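# Coordinates in review
Here's the letter readout for the chains.
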Amino acid sequence: MYEPPAVAPQPRAPRARLAWRSIEWTLPFLICGLLIVVMGVFAVMAYRAMRVSTTRAAEASMQVVTQQLTGLLAQSTQRSIVEAANDAKADAFRAYLQTPNAKTEAAAVAQLHRLVARAPQNLSAELRDARGDRVLSSGTFGADKAFAPPAAGHDVEIGPLRTLRDTLYVDVASRIAAAVPADTLGTLVQYIRISSAQSTRASEQLIGPNAEFLVGNRDGSLWTDLDHPMDGPVIDARSTTGITHDTLNGGRLGAIGRVASAPWLVWVGMPMSTVLAPARTMLAQLILAAVVILAFGTAAAWWMSRRLTTPLLDVTYAAEGIAH
């Protein structure tokens, strides 16, 4: 009886070959994923640490600069106080307030003119009697301003920063006292323009070109860069560090100091973009290094997986051949 030739069984697809081939590709991907996670966590932690470090360094630097500028401004105002006290001791003012007549009036007005002509920033000077009424003046600047004599126990008092007709100024009130007894005869009021770029240049030299330097009233009613009014910082009355944070112009970090001899505040600040620039530069460098490491690491992992899986694949193929 004729029997058809036996058909050799077809070899089945080697499952092991697929398994080893999957390891050949999954191993590099696994190592690549681990590298991404490790480098990402390291970059985030390093950036946060650098951010805190640069912020604290900027705070310390701005506090030092603020103290220095506050001290310079306090010395300047103290000299103005001493000078104003000497101005109020002029015999012409005392003589007119005690005995007002044509002769004493002419002498007092001449003395007021000399005070105004002494410096270009002097805007005007006026004489007020004991009731606060304006009796003589070398000009009309500030004539309509509400008058406040020096507080009790003060011979000279510097007022807050003010603006009038686009002019930034302060008024210095000096008590005029009689020789004997020391009764108050009246007040000498001088209006002085505020305009100076020296403090701005000093802050730039001390803290950097992006530093901001402002002077303002303690009640926050007016802030200026000593040239024109500016947007001042947000002051937290509960803060004990003198550090300010606000969101103006993308965020600013600053430090505040009090001027002892005037009702003013000094603020030195810097944009947060400038403060965090070193941290962002370091983050960019870390990202670049991570890309390079990731590329080399992935290539090395693929090469290693090939070295490991190729002999195993050869053994698998040989075993399958013997089985067939």
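Owing to the predicted nature of the structure, the values given are computational and were not obtained by experimental measurement. (Residues numbered from 1 in each chain as written. Predicted model: local features only at pLDDT ≥ 70, side-chain atom pairs only at ≥ 80, totals over all residues. Heavy atoms only, no water.)

Looking only at helices and strands, the protein features six helices and 11 strands. The buried share of the protein, reckoned over its 324 residues, is 39%. Of the roughly 19,300 Å² of accessible surface on the protein, 61% is carried by carbon and sulfur atoms. (Helix = DSSP H or I, 4+ residues; strand = E, 2+ residues; numbered from the N terminus. Buried < 20%, exposed > 50% of the residue type's maximum accessible area, 1.4 Å probe, protein only. Areas by Shrake-Rupley, 256 points an atom, 1.4 Å probe, with all protein chains shown as cover.)

So, on to a nonpolar patch on the surface. A contiguous nonpolar patch, built from Val 37, Val 41 and Met 45 and spanning about 300 Å² of accessible area, is present on the exposed surface. Tracing the backbone through its elements, the reader meets Val 41 in helix α1 (residues 15-87). (Patch = residues over 30% accessible without salt bridge, like charges linked within 9 Å, V, L, I, M, F, W, Y side chains within 5 Å. Salt bridge = Lys/Arg side-chain N within 4 Å of Asp/Glu carboxyl O.)

Before going further, it helps to examine the pattern of salt bridges. Scanning the model with the defined rule gives 10 salt bridges in all. A salt bridge links Arg 162 to Asp 171, with the shortest nitrogen-to-oxygen separation between them at 3.0 Å. Note on Arg 162: relative accessible area 27%, which makes it partly exposed. Exposure remark for Asp 171: the relative accessible area of 7% places this residue in the buried category. In this structure, Glu 212 and Arg 252 form a salt bridge, with 3.3 Å as the shortest nitrogen-oxygen distance.

Along the polypeptide, Ala 299 turns up in helix α6 (residues 277-323). Once the C-alpha coordinates of Ala 299 and Cys 32 are considered, the two residues, 267 residues apart in sequence, prove to be 9.3 Å apart.

Buried together is how nonpolar side chains tend to be arranged in soluble globular proteins. In this structure, Met 62, Leu 161, Phe 213, Val 215, Leu 253, Val 259 and Trp 264 are the most contacted members of the largest nonpolar core, which totals 32 residues. At eight residues, α1 tops the list of elements feeding residues into this core. Leaving out residues up to four positions away in the same chain, Val 259 has contacts with Thr 70, Leu 73, Ala 74, Thr 77, Arg 218, Trp 264 and Val 266. The next biggest cluster of nonpolar side chains, apart from the first, holds 16 residues, and it includes Ala 88, Tyr 96, Leu 185 and Leu 188. (Core = buried A, V, L, I, M, F, W, Y, C linked by side-chain atoms within 4.5 Å. Contact = heavy atoms within 4.5 Å.)

Turning our eyes to something else, we now look at the environment of Ala 49. You can see Ala 49 is positioned in helix α1. Put simply, Ala 49 and Ala 279 are 230 residues apart on the chain and 8.7 Å apart in space, counted from C-alpha to C-alpha.

To continue, consider the confidence of the model for the protein. Here the protein averages 80 in pLDDT, while 79% of its residues score no lower than 70. Within the protein, no element has a lower average pLDDT than helix α4 (residues 198-207), which sits at 60, and none a higher one than helix α3 (residues 102-117), at 92. In the model, residues 10-20 has pLDDT below 50 throughout and makes 12 contacts with residues more than four positions away in sequence or in other chains. (pLDDT = per-residue confidence, 0-100.)

A separate point is the packing of aromatic side chains. The geometry of an aromatic ring pair is captured by two quantities: the separation of the ring centres and the angle between the planes. With the rule as written, the count across this model stands at one aromatic pair. Taken together, a centroid distance of 6.0 Å and an interplanar angle of 65 degrees make the contact between Tyr 169 and Tyr 191 edge-to-face. Of this pair, Tyr 169 sits in strand β5 (residues 167-177) while Tyr 191 sits in strand β6 (residues 184-193), and the two are 22 residues apart along the sequence. There is no split in this pair, since Tyr 169 and Tyr 191 are both buried. (Phe/Tyr/Trp six-rings, centres within 6.5 Å; stacked < 30°, edge-to-face > 60°.)

Quick look at the side chain of Glu 59 now. Examined against the element boundaries, Glu 59 turns out to sit in helix α1. Salt bridges are absent for the buried Glu 59, whose nearest opposite-charge side chain, Arg 56, sits at 6.2 Å. Leaving out residues up to four positions away in the same chain, Glu 59 has contacts with Ile 243, His 245 and Leu 253. (Lys, Arg positive; Asp, Glu negative; His and termini not counted.)

With respect to topology, five strands assemble into an open sheet ordered β8-β7-β11-β10-β9, the strand pairing being antiparallel. At either end of the open sheet lies a strand with only one pairing partner, and these are β8 (223-224) and β9 (243-246). Alignment of strand β7 (residues 212-217) against β8, held across two bridges, turns out to be antiparallel. Its bridge partner lying in β8, Val 215 is registered against Thr 224. (Pairing = 2+ DSSP bridges.)

Most of β7 is tucked away, with six of its six residues classed as buried. Here β7 shows two buried faces, one formed by Glu 212, Leu 214 and Gly 216 and the other by Phe 213, Val 215 and Asn 217. With six bridges connecting them, β7 and strand β11 (residues 264-271) associate as antiparallel partners. Bridging from a neighbouring strand, Phe 213 pairs with Val 268 of β11. Counting the residues between successive antiparallel strands, the hairpin from β7 to β8 contains five residues, one of them, Gly 220, with a positive phi of roughly 75 degrees.

Here we take up the side chain of Ser 261. Mapping Ser 261 onto the fold places it in the loop between β10 (252-258) and β11. A polar side-chain atom of Ser 261 sits 2.3 Å from a polar atom in the side chain of Thr 77. Among all residues touching Ser 261, those that are not within four sequence positions of it are Ala 74, Thr 77, Gln 78, Ile 81 and Ile 158. (Polar contact = N/O pair within 3.5 Å; in protein donor to acceptor, adjacent residues only side chain to side chain.)

Right, let's talk about α3 for a bit. Between the first and last C-alpha of α3 there are 22 Å, a value that for 16 residues agrees with the 22 Å anticipated at 1.5 Å per step. Looking at α3, one finds that the buried residues are Thr 104, Ala 108, Gln 111, Leu 112, Leu 115 and Val 116. On an axial view of α3, the arc spanned by its buried residues comes to 140 degrees, and they lie on one face. For α3, exposure combined with an orientation more than 90 degrees from the buried face picks out Ala 102, Lys 103 and Ala 117. N-capping of α3 is provided by Asn 101, with a side-chain oxygen placed 3.1 Å from the backbone N of Lys 103. (Expected span 1.5 Å × (residues − 1). Arc of directions from axis to C-beta.)

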